[in-house]
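Letter by letter, the chains look like this.
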Amino acid sequence: MIKKWSKRWVNPVFIQESQWRIRKKTTPWILFFHLLLMGIIVFFALFVFIAIEPFFDLRSGTNIFIIFSYLQLGMVVFISPAIASGLISAEREKQTLSLLLVTPLSSKQIILGKWLSSVGFMLLLYLSTLPVYVVIYNYGGISLDQALRVFLHLLITMLFLSSVGIFFSSLVKRTGISTILSYLVVIIWGIVSTFIFYLVSVFTSVINNVPINEIPFFWELFISLHPAASMAFVLDIEIAAALLNMHNMTFPVYILYFVIYTILTIFLLISSAYFLSPKRDQQKE
Amino acid sequence: MIRIEHLSKQYGRKFAVKDLNLHIEKGTTFGLIGSNGAGKSTTMKILATLIRPSSGRAWVGGYDVTKSGRKVREIVGYMPDFFGVYDQLTSIEYLDFYAACYGFDYATRRQVAMQLLELVDLTDQSNQPVDHLSRGMKQRLGLARALVHDPAFLILDEPASGLDPRSRMEFRKILKVLRSMGKTILISSHMLSELEEICDAIGVMEQGELIACEQVDALKHVRRSERIYEIYVRDKVEETVQLLQALQEVESVTVEERKLFVQTKMGEQSQDQLLSMLVEHQIPVLQFQERSINMEDLYLQVTNRSQGGNTDDQKVE
Ligand SMILES: Nc1ncnc2c1ncn2[C@@H]1O[C@H](COP(=O)(O)OP(=O)(O)OP(=O)(O)O)[C@@H](O)[C@H]1O
Ligand SMILES: [Mg+2]
């Protein structure tokens, strides 16, 4: 029973990829510098706060947690595509992809193994910053449940961006192009969408002659799909909270973020598997 | 074991494989030869379920390659014409990984990997990183990889290309072992000489089509009944040609300056008669010898016959 179960779920691609990453000499250094960078920034913020307000209160603790959460989000957004966008195309370049495809592993399993290995590495990076969490926690100002929500948000973002990387990696032949396309998506998603949103809200407020901060409900749902905005909802930052009050919303908007990106992730993974399988070959003609 | 019916693969308007029909019995070794771009690799990739055919069907061990891909993959061992290696793995880890892909547990995997390394004579390289191996070694490791799941049917795409004569011989030795194990083998090459020793039957591909398909024994039979004589004369080339062409058994005469190549159907006994006839007519024969027809000549003949001699880029060793 257990054997059958493990046969079904143990993914050799995932194991091999993870083993290789752990064995790589650069991995401990990456983890170490990641922690160092995070630590330096957080401690710097801490010093600034203490310099401004001699009486360090709970709110400063919260603010540091907010800064740290956004730092983590930035890291996830920045690193996930870089790792995932080479996973399939590198196999293609090394000419090992067809060797994998002739084994009984399905293209779904190959994609899943690669994707999980990329997410696994991102989680490792996340875990490497636990000491910083401990320090912040000591200063107070965060609840465990808030920390958990932030973690969930980061996880969903990792899953999504890794699947974006995998998708382009299986769609195009070259790793370089796949990486560029992945970052293009990230830029449009994170930056361009903000501008569009800003322009549209200015426009509608001019047309409807209402103050700019009175945003239509639809648009509010739309911004909750933005990684930074939804992080604000997750963190329950004042503006975000005020927005929700304005529309008499009790429903936590970030749930929408979780749901939508989970669906998108699944969709991207299925398409990646599709592009990997020989079926595509026939479709193209 | 293998049945291919009206198989075609088109890239745009170009046919990589065109209306291919082939039947390979269980336990036989079938050789595919053809020049570059003849469609050998494409055919093999279709059988290995890597490419979908544009039309036609193919079965491996009774399973349709497009419909029961997974079943087919379980009985096929595919060795492509390149070796994909993970530079971070050692030889044994490399085999171990592919064995894991076939769902073997840890203990079995190690055992299988060691056995295979022994079969391809790489035991002392088992802990070497794969990218430190020489080309010949990588090729043997690639063969071992294709054998991890003990497949009944082996597809070997130009397994001996780029090997020196010695490694080639060693490779052939391994293939003979596999053959004696009762495996069905489909092997491709540019060179007939490489295949004639190990194959039971040989097919010739040209521009996507299978233009000839022969049992090796039959080819050898042809070789026994046909002969080529090489005659070197000091003078009277024209006269000699006329004399020879007048003979019924002579099929063709080719002239290269003062050297004549005579293709005949005569038996061995007639060799002296031919010589004495020439001497009688006072032809100054300097040299007279029989040139054995090798497989390469036969191959060129076959391909020439059906393709109007488009064999310029034929790589003949
Ligand atoms: N992906 C592809 N796209 C377009 N054309 C292709 C593709 N793959 C193969 N071809 C064409 O199909 C033909 C057959 O190629 P194939 O690789 O099967 O030949 P081959 O017999 O293996 O040659 P070689 O001896 O060089 O290995 C070639 O003319 C090639 O140009
Ligand atoms: Mg080829």
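Structure's up top.
Residues numbered from 1 in each chain as written. Chains lettered and ligands numbered in written order. Predicted model: local features only at pLDDT ≥ 70, side-chain atom pairs only at ≥ 80, totals over all residues. Heavy atoms only, no water.

Caption draft 1: How the structure looks around the environment of I180(A). Residues and elements named next belong to chain A. Within the fold, I180 resides in helix α10 (residues 175-208). Under the relative-accessibility criterion, I180 is labelled exposed at 56%. Remark: the alpha-carbon pair of I180 and G140, spanning 40 residues in sequence, is separated by 41 Å. (Helix = DSSP H or I, 4+ residues; strand = E, 2+ residues; numbered from the N terminus. Buried < 20%, exposed > 50% of the residue type's maximum accessible area, 1.4 Å probe, protein only.)

Caption draft 2: Region of the structure containing the packing of aromatic side chains. Enumeration according to the criterion identifies 21 aromatic pairs over all chains in this entry. A centroid spacing of 6.4 Å and a plane angle of 85° characterise the contact between W29(A) and F32(A), whose relative ring orientation is edge-to-face. Of the two residues, W29(A) and F32(A) are both situated in helix α3 (residues 26-52); the distance of three residues between them amounts to about one turn of the helix. With relative accessibility at 53%, the residue W29(A) sits in the exposed group. On the accessibility criterion, F32(A) (42% relative accessible area) is partly exposed. Relative to Y98(B), the ring of Y94(B) lies with its centre 5.1 Å away and its plane at 75°, an arrangement referred to as edge-to-face. Residue Y94(B) and its partner Y98(B) are both found in helix α3 (residues 91-101); the two are separated by four residues, about one turn of the helix. (Phe/Tyr/Trp six-rings, centres within 6.5 Å; stacked < 30°, edge-to-face > 60°.)

Caption draft 3: Broad picture of the pairing of strand β6 (residues 76-79) of chain B. All names here are of chain B. Here β6 shows no split at all, with V76 and Y78 on one side and G77 and M79 on the other all buried. Bridge count for β6 against strand β7 (residues 153-156) is four bridges, and the pairing is parallel. Paired with Y78 across the strands is I155, a residue of β7. (Pairing = 2+ DSSP bridges.)

Caption draft 4: The environment of V72(B), seen in detail. Residue and element names in this part refer to chain B. Summarising the element assignment, V72 is placed in helix α2 (residues 69-75). What makes V72 buried here is its relative accessible area of 1%. Measuring from C-alpha to C-alpha, the distance between V72 and R145 comes to 17 Å, with 73 residues separating the pair along the chain.

Caption draft 5: Up close: the interface of chain A and chain B. Each partner contributes residues to the interface: chain A has 24 residues there, and chain B has 32 residues. Summed over both sides, the interface of chain A with chain B buries roughly 2,600 Å², with 58% coming from carbon and sulfur. By the criterion of area lost to chain B, the three top residues of chain A are L99(A), V102(A) and P104(A), representing 25% of everything that side buries. Taken together, the connections running from chain A to chain B amount to one salt bridge. (Contact = heavy atoms within 4.5 Å. Buried area = accessible area lost by both parts, 1.4 Å probe. Salt bridge = Lys/Arg side-chain N within 4 Å of Asp/Glu carboxyl O.)

Caption draft 6: Representation of the site of ligand 1 in the model. All names here are of chain B. As a structural note, the neighbourhood of ligand 1 is formed by 13 residues, with N36, G37, K40, S41 and T42 the closest of them. Within the side chain of E158, a nitrogen or oxygen atom sits 3.2 Å from an oxygen atom of ligand 1. Between ligand 1 and H190 there is a distance of 2.9 Å, counted from an oxygen atom to a side-chain nitrogen or oxygen. Protein coverage of the free-state accessible area of ligand 1, which is 630 Å², stands at 64%. Elements that contribute at least two residues to the shell around ligand 1 include exactly β2 (14-24) and α1 (40-47). A per-element tally of the shell around ligand 1 places α1 first, with three residues. (Near = heavy atom within 4 Å. Polar contact = N/O pair within 3.5 Å; in protein donor to acceptor, adjacent residues only side chain to side chain. Areas by Shrake-Rupley, 256 points an atom, 1.4 Å probe, with all protein chains shown as cover.)

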